[in-house]
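Spelled out, the chains give:
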Amino acid sequence: METSVEPSHSLAAENLAVGYDQREIIHDLSVRIPTGKITVIVGANACGKSTLLKTLARLLKPARGRVLLDGKSIQSIPTREVATKLGLLPQSPTAPEGITVADLVGRGRYPRTRWIRQWTKTDDEAVAAAMTSTDVLSIADRPIDELSGGQRQRVWIAMALAQETDILLLDEPTTFLDLTHQFEVLDLLVDLNKRDQRTIVLVLHDLNQACRFADHLIAMKDGAIVCEGDPNEVITEEVVRDIFGLAVRIIPDPVAGTPMVVPLGRHTTRSDRPQDQTNGQDHTNGDQASGGAVLDMAGGSLAAQALSASAAASGICRPTDR
Amino acid sequence: MTATAEAVRIITRARGVRQARTIAVIVVLAVLVVVTFCVSLSLGDFKIPVIDVVETLFGGGDRATEFIVNRLRLPRALTGLMVGAALGMSGAIFQSIARNPLASPDIIGVTYGAGAFAVFAIVTLGLTGVAVSALAIAGAVLTAFVMYVLAWRQGVSSYRLILIGIGIGAIATSVTSYLLTKARVEIAQQALIWLTGSLNGRDWSNVRSMGLTLAVLTPLIVYLVHRLRILQLGDETAYGLGLRVESSRLGLIVVGVLLAAVATAAAGPVGFVAFVAPPIARRLTRSPGPAMIASALLGALVVGLSDLIAQHAFGDTQLPVGVVTGVVGAPYLMFLLARANRVGSGG
């Protein structure tokens, strides 16, 4: 397989403020996306993670600040030129009825063609390479509507790959997939990152998957970055409680060794075994030492802790967004 | 690399199968259009064999047939052909932009706006002929403009465009009805014939203005169809692929409105053609794209056949072509919706 010979492109944001209509979601956010790495953005619903991704992809125009592609403001670069450096897979893309896999993937070539310049062998080869690496070649002539969710998602990724961009942004690519297909998609993204040193940025809901697949993790809350860096350092019990308002314990993932988040919730089992009570006690002590956001929650009872955590969470979650 | 070559071969074949089908459908439709065209030239009070018609079209034939074919029947047939093609393409553009089969210019108010202005011209201003056509075009363009402005909220969503279009269509229809109730009976009847869509008494001036418009718009259509295929993937994907979404959509709407407007100006709002031709074209070609050529041919075929039926199927009674397209189109729509509901794919 040939790898892209273009130099790697860099993506960053400076003092971003973004919102819809009157409501500002991101207030003052700066970030550098590490080149050639997988970056995962996590956070509670309506924390602005999709908004950040859309702004990085120039779908939303920031009210203040700017997104920098190779150091230049992305709004000042012709959108078609951006599309040769940065590819995007929206959260729920729509395909015209009856479109075949090969046809859809082929449309990813749009930024590299002109209406006067006809389809060439290069385009065929790019489509072939994209379909080979996503393993959808065998279903090339099938209509999209007939495919399973996982197959369909791989086809959309193939379309973004046919764009031949160094940077790939994906908005919750695993949301509507079952567990097998979620890992199928995530493994594919790792392959693409390892093989071509592509910069991949994705929004994920599942913290354990985020920890396992991210080189760089960005945790967001209320439109700001709470912390970012190696998942091992970012994902701590304090951070998770801060951004999700949920009490958790963190243990090493028995398979990957990355942090694994185990939520406490209000009920550990259907009949709340007494030994969990002591675990909860230890946990609360730790919190008080660290001076977390739930300091006022002095009560040792696990149930009380979880209750006030969910109260905190309802302050964070505004389900009206998206 | 043999693996790449093999992969290229697979996708080329996948594309080839589709293209072959599209080309076959286009050829068959083109033949049907030509046959309908020639038959419509041969029928009438004075029947001329189809062979003679073809001969006359290529410059032969005696003076009598030359007069009947070229002077009397050809302008009407050509106008019908071009009206159908324009409506077919207009429908294909609107339905693809909106990703919704309901979004054809005769459903979302564009042609109603043209109708209201034309009736105003006929009833209130007492105009006829070219002046009515001009006002109809103005009405269509103005309606589309109001629709676009009202639907604009940091970009135009297809859904809002359809809803607002249907609302404006209802307003235009009620204005038309009001004007008709105020009109004298003879004038109201004249306006009603216009509103049904008729090809009666079309002459070469209609053909010239239609032909000129199509000649100007066709290169634009060729240029914009490429973008339409990307726009179909949804706004976000289209942005991601580097399409200037809003300007492309605006350009396509302008072209679609102009096509519908000149067709309406030439023949009145011939119902259901723009609505029905593109879905049939897409089904025949199994094309996920707008299927512009097939839609244009199908539009021409529907109008041509309908006009044949309207003129000759009922003995001495000649119907306006719009009556027939309505009778043919409405049941097809119902069939389409019923089928789509069963399949659950939304048409």
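Computed from a predicted structure; not experimentally measured. (Residues numbered from 1 in each chain as written. Chains lettered and ligands numbered in written order. Predicted model: local features only at pLDDT ≥ 70, side-chain atom pairs only at ≥ 80, totals over all residues. Heavy atoms only, no water.)

Chemist: For the overall build of chain A, give the residues involved together with the corresponding values.
Modeler: For chain A, the helix and strand inventory stands at 11 helices and 12 strands. Burial status across chain A gives 52% buried among its 322 residues. Across chain A, the fraction of contacts at a sequence separation of at least 24, relative to all contacts at a separation of at least 6, is 67%. Of the roughly 14200 Å² of accessible surface on chain A, 51% is carried by carbon and sulfur atoms. (Helix = DSSP H or I, 4+ residues; strand = E, 2+ residues; numbered from the N terminus. Buried < 20%, exposed > 50% of the residue type's maximum accessible area, 1.4 Å probe, protein only. Contact = heavy atoms within 4.5 Å. Areas by Shrake-Rupley, 256 points an atom, 1.4 Å probe, with all protein chains shown as cover.)

Chemist: Kindly report on the packing of aromatic side chains, identifying the contributing residues and their values.
Modeler: Across all of its chains, the model carries 3 aromatic pairs over all chains by this definition. Both rings, one in Y148 of chain B and one in W152 of chain B, keep their centres 6.0 Å apart while their planes meet at 45 degrees; by these two values the pair is tilted. Of the residues examined, Y148 of chain B reaches a relative accessible area of 13% and is grouped as buried. Given a relative accessible area of 42%, W152 of chain B falls into the partly exposed group. A cation over a ring is seen here: R80 of chain A above Y110 of chain A, with NZ or CZ 4.2 Å from the ring centre. (Phe/Tyr/Trp six-rings, centres within 6.5 Å; stacked < 30°, edge-to-face > 60°. Lys NZ or Arg CZ within 6 Å of the ring centre and 35° of its normal.)

Chemist: Talk me through the sheet that holds strand β5 (residues 72-73) of chain A; I want residue IDs and the actual numbers.
Modeler: Residue and element names in this part refer to chain A. Strand order in the open sheet formed by 4 strands is β2-β1-β4-β5, and the pairing between neighbours is antiparallel. Unpaired on one side and paired on the other, β2 (23-33) and β5 mark the two borders of the sheet. As paired strands, strand β4 (residues 64-69) and β5 are joined by 2 bridges and run antiparallel to one another. Following the sheet pairing, L69 is matched in β5 by K72. Contacts between helix α1 (residues 49-56) and the sheet are confined to β1 (11-20), β2 and β4, with β1 contributing the most and set at about 120 degrees to the helix. (Pairing = 2+ DSSP bridges. Axes fitted to C-alpha atoms, helices over the stretch in contact; angles between N-to-C directions.)

Chemist: Could you give me a rundown of the interface of chain A and chain B, with the residues and numbers involved?
Modeler: Residue-level contacts link 42 residues of chain A with 34 residues of chain B. For the pair chain A and chain B, the summed buried area comes to about 3100 Å², and 63% of that belongs to carbon and sulfur atoms. Across the chain A-chain B interface, the total number found is 3 salt bridges. Ionic pairing is found between R15 of chain B and D124 of chain A, a salt bridge with its closest N-O pair at 3.2 Å. Remark: the boundary between chain A and chain B carries 6 residue pairs in polar contact (both at pLDDT 80 or more). Taken together, the elements giving at least two residues each to the side of chain A that touches chain B come down to α2 (79-82), β6 (86-89), α3 (101-107), α4 (121-133) and α5 (149-162) of chain A. (Buried area = accessible area lost by both parts, 1.4 Å probe. Salt bridge = Lys/Arg side-chain N within 4 Å of Asp/Glu carboxyl O. Polar contact = N/O pair within 3.5 Å; in protein donor to acceptor, adjacent residues only side chain to side chain.)

Chemist: Describe in detail helix α11 (residues 273-285) of chain B, supporting the description with residues and values.
Modeler: Residues and elements named next belong to chain B. The terminal C-alpha atoms of α11 lie 18 Å apart, and with 13 residues this matches the ideal 18 Å at 1.5 Å per residue to within 8%. Burial of α11 is extensive: 11 of the 13 residues sit out of reach of the surface. Among the residues of α11, V273, A274, F275, V276, A277, P278, P279, I280, A281, R282 and T285 are the ones counted as buried. At the C-terminal side of α11, R286 shows a positive phi close to 50 degrees. (Expected span 1.5 Å × (residues − 1).)

Chemist: Residues and numbers for the packing of helix α4 (residues 110-124) of chain B against helix α7 (residues 185-196) of chain B, please.
Modeler: Residues and elements named next belong to chain B. Relative orientation of the contacting elements α4 and α7 amounts to 155 degrees, with a least axis distance of 10 Å. As far as their axial angle goes, α7 and α4 are roughly antiparallel. The handedness of the crossing between α4 and α7 comes out as right-handed. Where α4 approaches α7, its residues A114, G115, A118, V119, I122 and V123 are matched on the opposing element by I187, Q190, A191, W194 and L195. (Parallel < 35°, antiparallel > 145°, perpendicular 65-115°, else oblique. Left-handed = near helix turned anticlockwise from the far one by under 90°.)

Chemist: How would you explain the sheet that holds strand β3 (residues 38-43) of chain A if you had to name every residue and give the values?
Modeler: Residues and elements named next belong to chain A. Ordered by their spatial adjacency, 6 strands build an open sheet running β6-β7-β8-β3-β9-β10, and the pairing between neighbours is mixed. Each of the sheet's edge strands pairs with one partner strand only, and the pair in question is β6 and β10 (224-229). Along the sheet, successive strands turn relative to each other by an average axial angle of 15 degrees, direction set aside. Sheet analysis places strand β7 (residues 167-171) next to strand β8 (residues 199-203), joined by 5 bridges and oriented parallel. Note on β8: the bridge partner recorded for L168 is I200. Seen against the sheet, α1 touches β3, β6, β7, β8 and β9 (216-221) and runs at an angle of roughly 150 degrees to β7. Its contacts with the sheet put α5 on β6 and β7, and the angle it makes with β6 is roughly 160 degrees.

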